[in-house]
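Fold and contact review
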Amino acid sequence: MNIIKERKIKSGVVNFLLYLSFCLAGWYSARTSVAVYMSAYASSVPMLSVLNNEFTAFFIAGVVPFAIYIVVVKAFMSILKHTPFLPVNEIFYALPFFYIGANIVTGLFNIWYYVKPIASIWGSIIVPLVSTACFFIWFLAFICKNYIKNYNWKAIVLYFGRLYLFIALLLTGMGLLVEVLL
């Protein structure tokens, strides 16, 4: 945890590791999408068939989640920037470290889905929700212990907790909708 508190790793390196963790977390579902799209367009553009592999699926899987993460974090940083006694830069520097952990747990389950595909039906929805919730609780404990004054931690936990619940339920609902439609 001293690595986070002392900011020993450049934010560009942390963001690259976050992107790779998003790639790992979304790899299993992206491999199906890449295969479907490449097979649909490979007959019209034969050069695209070269991209139909696990390597391409791995790197494509992280693009959209990483872009959404960056946009949401920038939006919340701008909203919270003028909040008194809230070290916004330190808080949002620490967030990717915990998100990387949640993505690694989700990615390890994706490897398991490769062996047992039937587990991916509900596991692809439940595992990301549970892993991000656990790591988010750890993140809240970390920022409250290191950056928030004792009298202010309840407000921070309530604010960020509600925010997480809203975002998690929205993403879970979208995941359920996609699973039903497919």
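Please refer to the structure placed before this passage.
What comes next concerns the included structure. (Residues numbered from 1 in each chain as written. Predicted model: local features only at pLDDT ≥ 70, side-chain atom pairs only at ≥ 80, totals over all residues. Heavy atoms only, no water.)

1. What to know about the overall build of the protein chain
Scanning the protein chain from N- to C-terminus turns up 7 helices and 0 strands. Going from N to C terminus, the protein chain has its helices and strands arranged as α-α-α-α-α-α-α. For the protein chain, the residues scored as buried account for 34% of the 182 residues in total. Summed over its atoms, the accessible surface of the protein chain is roughly 11500 Å², and 74% of this surface lies on carbon and sulfur atoms. (Helix = DSSP H or I, 4+ residues; strand = E, 2+ residues; numbered from the N terminus. Buried < 20%, exposed > 50% of the residue type's maximum accessible area, 1.4 Å probe, protein only. Areas by Shrake-Rupley, 256 points an atom, 1.4 Å probe, with all protein chains shown as cover.)

2. Points about the pattern of salt bridges
Considering all chains together, one arrives at 1 salt bridge under this definition. Note that Lys8 and Glu6 form a salt bridge whose closest N and O atoms lie 3.3 Å from each other. (Salt bridge = Lys/Arg side-chain N within 4 Å of Asp/Glu carboxyl O.)

3. Some words on the side chain of Thr132
Take Thr132: it is sitting in helix 6 (residues 120-146). Only 3.2 Å separates the side chain of Thr132 from the backbone oxygen of Leu129, close enough to count as a polar contact. Ignoring sequence-local partners within four residues, the contact set of Thr132 consists of Tyr99, Ala102 and Tyr164. (Polar contact = N/O pair within 3.5 Å; in protein donor to acceptor, adjacent residues only side chain to side chain. Contact = heavy atoms within 4.5 Å.)

4. Examining the environment of Val88
Inspection of the secondary structure assignment puts Val88 in helix 5 (residues 88-115). Separated by 10 residues in the primary sequence, Val88 and Ser78 place their C-alpha atoms 9.3 Å from one another. Residue contacts for Val88: discarding those within four places in its chain leaves Met77, Leu80 and Lys81.

5. Quick word on the packing of helix 5 against helix 6
Interaxial distance between helix 5 and helix 6 falls to 9 Å at its minimum, and their mutual angle equals 155°. With respect to helix 6, the axis of helix 5 lies roughly antiparallel. Note on packing geometry: the crossing formed by helix 5 with helix 6 is right-handed. Between helix 5, through Ile91, Ala94, Leu95, Phe98, Tyr99, Gly101, Ala102, Val105, Thr106, Phe109 and Tyr113, and helix 6, the contact on the second element is made entirely by Ser120, Gly123, Ser124, Val127, Pro128, Ser131, Thr132, Phe135, Trp138, Phe139, Phe142 and Ile143. (Axes fitted to C-alpha atoms, helices over the stretch in contact; angles between N-to-C directions. Parallel < 35°, antiparallel > 145°, perpendicular 65-115°, else oblique. Left-handed = near helix turned anticlockwise from the far one by under 90°.)

6. Some remarks on a nonpolar patch on the surface
Together, Ile118, Ile121, Trp122, Ile126, Val130 and Leu176 line one region of the surface with nonpolar side chains, adding up to about 600 Å² of accessible area. For the nonpolar patch, the leading source of residues is helix 6, giving 4 residues. Its location among the elements puts Ile118 in the loop between helix 5 and helix 6. (Patch = residues over 30% accessible without salt bridge, like charges linked within 9 Å, V, L, I, M, F, W, Y side chains within 5 Å.)

7. With respect to the nonpolar core
Core analysis: the largest hydrophobic core is formed by 32 residues, its most contacted members being Phe139, Ile143 and Phe160. When contributions to this core are tallied by element, the ones reaching two or more residues are helix 2 (11-41), helix 4 (63-80), helix 5, helix 6 and helix 7 (153-181). When residues in this core are grouped by element, the largest group, 8 residues, is from helix 5. (Core = buried A, V, L, I, M, F, W, Y, C linked by side-chain atoms within 4.5 Å.)

8. Some words on the packing of aromatic side chains
Applying the stated rule across the entire model yields 19 aromatic pairs. Chaining the aromatic ring pairs together yields one cluster made of Phe98, Phe135, Phe136, Trp138, Phe139, Phe142, Tyr147 and Tyr164. (Phe/Tyr/Trp six-rings, centres within 6.5 Å; stacked < 30°, edge-to-face > 60°.)

9. Some details on the packing of helix 4 against helix 5
It is at 10 Å that the axes of helix 4 and helix 5 come closest, and there the two elements cross at 155°. Here helix 4 is positioned roughly antiparallel relative to helix 5, judged by the angle of their axes. Helix-helix and strand crossings are classified by hand; for helix 4 and helix 5 the assignment is right-handed. For the pair formed by helix 4 and helix 5, the contact residues are Tyr69, Val73, Phe76, Met77 and Leu80 on the first element and Val88, Asn89, Phe92, Leu95, Pro96 and Tyr99 on the second. Here the residues of the contact of helix 4 with helix 5 are counted per class, giving 10 nonpolar, 1 polar and no charged. (Nonpolar A, V, L, I, M, F, W, Y, C, P; charged D, E, K, R; others polar.)

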